Amino acid sequence: MADSSTFVTGTQIAYYHLCHRKLWLFAHNIKMEQHSELVAEGKFIDEHSYLKRAERWQELSIEGIKIDHFDAKQGIVREVKKSRKKENAHRAQVLYYLYVLERNDIPVSHGLLEYPKLRQTEEVWLTEGDRKVIPHWEAEVLRITQLESCPGLVKKPICKNCSYYEFCYAE
Ligand code: SF4
């Protein structure tokens, strides 16, 4: 049985798809998200939507993941994103939730990725191809987070909205 330190989290999977440097910083407890106004705003959106539909959705923690909204009756995972931009990383995070649930024999149907600011909801379905590639994501997350030093800065369009921006771009 793996100990909890070897479990990969949904956030790590998302950061793996966004930026390996961000993944490493986060995994080494260099966390700046909680000071970010954007995150506070995201939490507000999440909690606000949650209250409206509280009776349907439950929290579920298993292995390294914590799903805020799970409809056990229908096997639906719901993830709310504050972003005005859809990211592949968001889809990857929901796919990972579905994968971990399935791996633990929890009946699961699909995911709902909600963007309140865009007023859009996307369905996420786990495919055979995803089931094959996700173990590779996990192995890569573990490899990167165990690197002795932080991966180098790679300038990306997402940098300007990243909570590590000042850390990475300090003179
Ligand atoms: S600012 Fe850019 S390079 Fe630094 S962690 Fe964020 S996304 Fe990665």
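As the structure is a computational prediction, the values presented were derived from the model and not from experiment.

Cut-offs applied
Residues numbered from 1 in each chain as written. Predicted model: local features only at pLDDT ≥ 70, side-chain atom pairs only at ≥ 80, totals over all residues. Heavy atoms only, no water. Helix = DSSP H or I, 4+ residues; strand = E, 2+ residues; numbered from the N terminus. Buried < 20%, exposed > 50% of the residue type's maximum accessible area, 1.4 Å probe, protein only. Contact = heavy atoms within 4.5 Å. Areas by Shrake-Rupley, 256 points an atom, 1.4 Å probe, with all protein chains shown as cover. pLDDT = per-residue confidence, 0-100. Near = heavy atom within 4 Å. Nonpolar A, V, L, I, M, F, W, Y, C, P; charged D, E, K, R; others polar.

A count of helical and extended segments in the chain gives 6 helices and 5 strands. In the chain, the order of α-helices and β-strands from amino to carboxyl end is α-α-α-β-β-β-α-β-β-α-α. Split into buried and exposed, the 171 residues of the chain put 42% on the buried side. Taking the contacts inside the chain whose residues are at least 6 apart along the sequence as the reference set, 67% of them involve residues at least 24 apart. Carbon and sulfur atoms make up 52% of the accessible area of the chain, which totals about 10,200 Å².

Looking now at unusual backbone geometry. For N29, which is not glycine, the phi dihedral falls at a positive 60 degrees. When you line up the elements, N29 lands in the loop between α2 (20–27) and α3 (37–52). On the accessibility criterion, N29 (59% relative accessible area) is exposed. Although it is not a glycine, R119 adopts a positive phi angle of roughly 55 degrees. Of note, R119 is situated in the loop between β4 (110–115) and β5 (120–124). Its relative accessible area of 76% is what places R119 among the exposed residues.

A word on the confidence of the model for the chain. Looking at the chain, pLDDT values average 88 and 84% of them are 70 or higher. For the chain, the element scoring lowest by mean pLDDT is α3, at 55; helix α5 (residues 128–145) scores highest, at 98.

Close to the ligand lie C19, R21, K22, L153, V154, I158, C159, C162, Y164, Y165 and C168. Looking at the shell around the ligand, the elements with two or more residues in it are α2 and α6 (165–169). Looking at the shell around the ligand residue by residue, the classes come out as 9 nonpolar, no polar and 2 charged.

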